[in-house]
Amino acid sequence: MSKLKIAELFYSIQGEGRYMGVPSVFLRTFGCNFKCAGFGMPKGELSNEVEPIAQRISEFKSYEELPLVSTGCDSYASWDPRFKDLSPMLTSDAIAERICEILPFGEWRDEHLVITGGEPLLGWQRAYPDLLDHPKMKSLKEITFETNGTQALTNDFKSWIHREWHHAGDINLGRGHNSLTFSVSAKLSCSGESREEAIKPDVVCEYEDYGYTYLKFVVATEDDAEEAIETADIYRANGFTGPVYLMPVGGIESVYTLNNRRVAELAMKAGLRYSDRLQVPLFKNEWGT
Ligand code: SF4
């Protein structure tokens, strides 16, 4: 039976992108190929806000106890190896059982599954067929992968999507191409990651063959918005056809509140979609929300 290292598994409302407002189970896998320490920092500088938290790691017994950060990646504990002991390795059986415990009616109804990270399309692709074929997951109808858009789909996973997700009972179960979403948060220079590593149009264009795919850029300034527009053009020049969202930076409410209206205006000016981060005003972006 397949196993996944799980940083968090919780039930909440999706606050971002296509499924904003939809009740959702969030499965946050452990591990990421990036560090994204530049969010919210002056250009060229990287956040070291996590360092003092990592030095006190023995004080924290669960994700809920970890401090929130206002700069850099706000889900740092889901990929920084120093926090790995907070993330158990669970079998697909245990994950499916736990999901049924947290769903309001003990089974899938209108809820959707968000597989997030970290970066959920790293090696964990090999484990998803086993989990998603589990008898307790059979009535699940919609999934989103929240990815940074750098990891190609493996041949085995592509075959499974095509065979089991798109076509196995697509009439009875309401599945099909549109029921699988790739929410691609491609990283701009404000993340601190190199453009060469972060922008992979070929990878993202292939996601479109397997599910509804959109780009979602985290922005704080007009420069970020300009870079997002230029970057979206690069994806389009390579064949990308999906929608593009701008979303305000803001792991904590005070930063989000400074940014959200400005980013909405920038999105309107550019004719792009705006994505809120409903989890920030609703739940203060606490772990498990
Ligand atoms: S890609 Fe996402 S999860 Fe990974 S470090 Fe960057 S913001 Fe965090």
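Not measured: the values here are computed from a predicted model.

Explain the overall build of the protein chain residue by residue, including any values.
The helix and strand inventory of the protein chain stands at ten helices and nine strands. Over its C-alpha trace the protein chain gives a radius of gyration of 18 Å, about what one expects of a compact globule, namely 19 Å for 289 residues. Dimensions of the protein chain along its principal axes, counting C-alpha atoms only, are 50 × 50 × 30 Å. Considering the protein chain as a whole, with its 289 residues, one finds that 54% of them fall into the buried category. For the protein chain, long-range pairs separated by at least 24 residues make up 78% of all intrachain contacts whose partners lie at least 6 apart in sequence. Accessible surface computed for the protein chain: about 12700 Å², of which carbon and sulfur atoms make up 51%. Distance between charge centres in the protein chain, computed from 30 positive and 43 negative side chains, equals 2 Å.

Can you break down the site of the ligand residue by residue, with the values?
Close to the ligand lie Cys32, Phe34, Lys35, Cys36, Phe39, Cys73, Ser75, Trp79, Gly118, Asn148 and Lys187. Counting atoms within 2 Å of the grid points, the majority share of the ligand lands in the largest cavity. Residues that form the shell around the ligand fall into these classes: six nonpolar, three polar and two charged.

Which residues make up empty space enclosed by the protein, and what values do they have?
Tallying each qualifying case throughout the model produces one cavity of 30 Å³ or more. Of the volumes computed, that of the largest cavity is approximately 800 Å³. Lining the largest cavity are 47 residues, with Glu16, Arg28, Asp74, Ser75 and Gly117 sitting closest to its centre. Of all the elements, strand 1 (residues 3–13) adds the most residues to the lining of the largest cavity, at three residues. The class makeup of the residues in the lining of the largest cavity is 16 nonpolar, 20 polar and eleven charged.

Residues and numbers for the sheet that holds strand 6 (residues 180–184), please.
One open sheet accounts for nine strands, arranged 3-1-2-4-5-6-7-8-9; its pairing is mixed. On the outer flanks of this sheet lie strand 3 (89–91) and strand 9 (273–274), each paired with one strand and no other.

Can you break down the nonpolar core residue by residue, with the values?
Leu66, Tyr76, Leu113 and Phe217 are the most contacted members of the largest nonpolar core, which totals 77 residues. It is helix 7 (residues 201–210) that contributes the most residues to this core, five residues altogether. Excluding residues that lie within four positions of it along the chain, Leu66 makes contacts with Ile53, Phe60, Tyr76, Ala77, Phe83, Leu86 and Trp287.

Could you give me a rundown of the packing of helix 8 (residues 222–237) against helix 9 (residues 253–270), with the residues and numbers involved?
Two numbers describe how helix 8 lies on helix 9: the axes approach to 11 Å, and their chain directions differ by 35°. The crossing of helix 8 and helix 9 is right-handed. Note on element contacts: helix 9 touches helix 8 through Arg262, Leu266, Lys269 and Ala270, opposite Glu222, Ala225 and Ile229. In terms of residue class, the contact of helix 8 with helix 9 is made up of four nonpolar, no polar and three charged.

Let's hear about the layout of surface pockets: which residues, and what values?
If you add up the space inside the largest pocket, you get close to 260 Å³. Within the lining of the largest pocket, the residues separate by chemical class into seven nonpolar, seven polar and five charged.

For helix 4 (residues 155–166), give the residues involved together with the corresponding values.
The first and last C-alpha atoms of helix 4 sit 15 Å apart over twelve residues, in line with the 16 Å expected at 1.5 Å per residue. Among the residues of helix 4, those classed as buried are Phe157, Lys158, Trp160, Ile161, Trp165 and His166. Take helix 4 and look down its axis: the buried residues cluster within an arc of 160°, on one side only. Turned more than 90 degrees away from the buried face of helix 4, the exposed residues are Asn155 and Asp156.

How each quantity is defined
- Residues numbered from 1 in each chain as written.
- Predicted model: local features only at pLDDT ≥ 70, side-chain atom pairs only at ≥ 80, totals over all residues.
- Heavy atoms only, no water.
- Helix = DSSP H or I, 4+ residues; strand = E, 2+ residues; numbered from the N terminus.
- Rg over C-alpha atoms; globule rule 2.2 N^0.38 Å.
- Buried < 20%, exposed > 50% of the residue type's maximum accessible area, 1.4 Å probe, protein only.
- Contact = heavy atoms within 4.5 Å.
- Areas by Shrake-Rupley, 256 points an atom, 1.4 Å probe, with all protein chains shown as cover.
- Lys, Arg positive; Asp, Glu negative; His and termini not counted.
- Charge placed at Lys NZ, Arg CZ, Asp CG, Glu CD.
- Near = heavy atom within 4 Å.
- 1 Å grid on protein atoms, 1.4 Å probe; cavity = no way out; pocket = protein on both sides within 12 Å on 5 of 7 lines; lining within 4 Å.
- Sits in = over half its atoms within 2 Å of the grid points.
- Nonpolar A, V, L, I, M, F, W, Y, C, P; charged D, E, K, R; others polar.
- Points joined across faces, edges and corners; volume = space filled by probe spheres on them.
- Pairing = 2+ DSSP bridges.
- Core = buried A, V, L, I, M, F, W, Y, C linked by side-chain atoms within 4.5 Å.
- Axes fitted to C-alpha atoms, helices over the stretch in contact; angles between N-to-C directions.
- Left-handed = near helix turned anticlockwise from the far one by under 90°.
- Expected span 1.5 Å × (residues − 1).
- Arc of directions from axis to C-beta.

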